[in-house]
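Per-entry structural report
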Amino acid sequence: MHLLDTFQYLMLLVSLTMASGQDTCSCEPKMTTCNVVPCGLPGSNGLPGRDGNDGPKGEKGDRGERGAVGPPGKVGPMGIKGDQGVLGPKGPKGDKGTNEELISLKAQMTAMQEEMRKLQNLVNTYRKVAILFGAKIVGEKMFMVVVSEGTFEEGKIICSQRGALLPTPKNGRENEALKELAEQFNKQIYLGMSDEKTEGTFQYLNGETLIYNNWASHEPNGGRKENCVEIYTNGKWNDKSCTEKRLVVCEL
Ligand code: MMA
Ligand code: CA
């Protein structure tokens, strides 16, 4: 009983001290009516209230800073062809020809030389044959007696049948060779020319103009009656009727 009294007494003192230490009283008015204990101990703070509603929309902000560089775009169309480049440097020297090629070429040369030699021998043989048969060879031309007598027209046919022509001496050497035949047979020979087409203008039978002549003095003098040409045994030329019989000589 004695302890309880002491405790109650102490509690009373604490309460009085605390009450007198406060400047204002935040108690409810009802509490002030309290006679013995004017205010209770203050309660702990309550929980925070709910968030308020959204505020009004703010003003437009300032322009942002320039962004980073974007990725590259698609490849563009092909450009026009460029100019030709400058000449490149000279290439290296080629390989030396093979020995086999050289040997082959030499063999071909030797074969050709042998062929040439055979042909030359054959030509020489034919020349001898032609001379044996009385032919006159002048350079690449050959005159040959074929028939002892024939007119101009007959002679043309005879030579043509042998793949030859009536003789046409075109220089002094050729004329001399033909003259020797005339001299040898002691007969005049018709030449392969005429002025039948154009009186007074003698032409070769292919129509070309004469490039050489050996007219005797005062020849040609026969007019329209003498359209052919004969070579005398002295080598001189005379215009003559075409229907005489003459030594037929052909030219090859
Ligand atoms: C013959 C005849 C002519 C020639 C003369 C030359 C008489 O005619 O061959 O063609 O011109 O002789 O004297
Ligand atoms: Ca004449």
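Quick note: structure is the one above.
**A look at the coordination of the calcium ion (ligand 2)**
All of the protein donors around the calcium ion (ligand 2) are Glu219 (OE), Asn221 (OD1), Glu226 (OE), Asn238 (OD1), Asp239 (O) and Asp239 (OD); their distances to the metal are 2.1 to 2.5 Å. Read N to C, the donor residues that coordinate the calcium ion (ligand 2) are spaced as E-x1-N-x4-E-x11-N-D. One end of the pair, Glu226, is in the loop between strand S4 (203-204) and strand S5 (228-231); the other, Asn238, is in strand S6 (residues 237-240), and 12 residues separate them in sequence. Each member of the pair, Glu226 together with Asn238, is buried.

**Describing the nonpolar core**
Leu178, Ile189, Leu191, Met193, Val229, Trp237 and Val249 are the most contacted members of the largest nonpolar core, which has 19 residues in total. Of all the secondary structure elements, the ones that give two or more residues to this core are helix H5 (172-185), strand S3 (189-194), S5 and strand S7 (246-251). Considering each element in turn, this core owes the most residues, 4 residues, to H5. Ignoring any residue separated from it by four or fewer positions in sequence, one finds Met193 in contact with Phe152, Gln203, Tyr204, Leu205, Leu210, Asn227, Cys228, Val229 and Trp237. Phe152, Ile158, Cys159 and Val248 belong to the second-largest nonpolar core, a separate cluster that totals 9 residues.

**Points about a nonpolar patch on the surface**
A cluster of nonpolar side chains, namely Leu119, Leu122, Tyr126, Val129, Leu132 and Phe133, defines an oily patch on the protein surface of about 690 Å² accessible area. Residue placement: Tyr126 occurs in helix H3 (residues 99-132).

**Overview of the pattern of salt bridges**
Think of it this way: side chains of opposite charge can pair up when their charged atoms draw near. Enumeration over the complete set of coordinates arrives at 10 salt bridges. Across the pair Glu114 and Arg117 runs a salt bridge, and its minimum N-O distance is 2.8 Å. Here Arg117 and Glu114 lie together in helix H3, a separation of 3 residues that amounts to about one turn. Taking the relative accessible area as the measure of exposure, Glu114 reaches 35% and is therefore partly exposed.

**Some thoughts on the packing of aromatic side chains**
Tallied over the entire structure, the rule returns 4 aromatic pairs. Chaining the aromatic ring pairs together yields one cluster made of Phe202, Tyr212, Trp215 and Trp237. Lying across the ring of Tyr204, Lys170 places its NZ or CZ 4.6 Å from the centre.

**Some thoughts on the state of the cysteines**
A full pass over the atoms with the stated rule returns 2 disulfides. The residue that forms a disulfide with Cys159 is Cys250, at a sulfur-sulfur distance of 2.0 Å. Judged by the sign of its S-S torsion, about -95 degrees, the cystine formed by Cys159 and Cys250 is left-handed. Of this pair, Cys159 sits in helix H4 (residues 152-161) while Cys250 sits in strand S7, placing them 91 residues apart in sequence. We classify Cys159 as buried; its relative accessible area is 0%.

**Considerations on the site of ligand 1**
With respect to spatial proximity, the complete set of residues near ligand 1 consists of Glu219, Asn221, Glu226, Asn238, Asp239 and Lys240. Measuring from an oxygen atom of ligand 1, one finds a backbone N or O atom of Asp239 at 3.0 Å. Within the complex, the protein chains bury 48% of what would otherwise be the 330 Å² of accessible surface of ligand 1. Residues of the shell around ligand 1, tallied by class, amount to no nonpolar, 2 polar and 4 charged.

**Side note on the side chain of Asn238**
On the basis of relative accessibility, which here comes to 6%, the residue Asn238 falls in the buried class. Engagement of the side chain of Asn238 in a polar contact is seen with the side chain of Tyr232, the distance being 3.2 Å. Leave out the neighbours within four places in its chain, and Asn238 touches Trp215, Glu219, Asn221, Cys228, Val229, Glu230 and Tyr232.

What counts and what doesn't
- Residues numbered from 1 in each chain as written.
- Chains lettered and ligands numbered in written order.
- Predicted model: local features only at pLDDT ≥ 70, side-chain atom pairs only at ≥ 80, totals over all residues.
- Heavy atoms only, no water.
- Donors = N, O, S within 2.8 Å, 3.2 Å for Na, K, Ca; no water.
- Helix = DSSP H or I, 4+ residues; strand = E, 2+ residues; numbered from the N terminus.
- Buried < 20%, exposed > 50% of the residue type's maximum accessible area, 1.4 Å probe, protein only.
- Core = buried A, V, L, I, M, F, W, Y, C linked by side-chain atoms within 4.5 Å.
- Contact = heavy atoms within 4.5 Å.
- Patch = residues over 30% accessible without salt bridge, like charges linked within 9 Å, V, L, I, M, F, W, Y side chains within 5 Å.
- Areas by Shrake-Rupley, 256 points an atom, 1.4 Å probe, with all protein chains shown as cover.
- Salt bridge = Lys/Arg side-chain N within 4 Å of Asp/Glu carboxyl O.
- Phe/Tyr/Trp six-rings, centres within 6.5 Å; stacked < 30°, edge-to-face > 60°.
- Lys NZ or Arg CZ within 6 Å of the ring centre and 35° of its normal.
- Disulfide = S-S within 2.5 Å.
- Near = heavy atom within 4 Å.
- Polar contact = N/O pair within 3.5 Å; in protein donor to acceptor, adjacent residues only side chain to side chain.
- Nonpolar A, V, L, I, M, F, W, Y, C, P; charged D, E, K, R; others polar.

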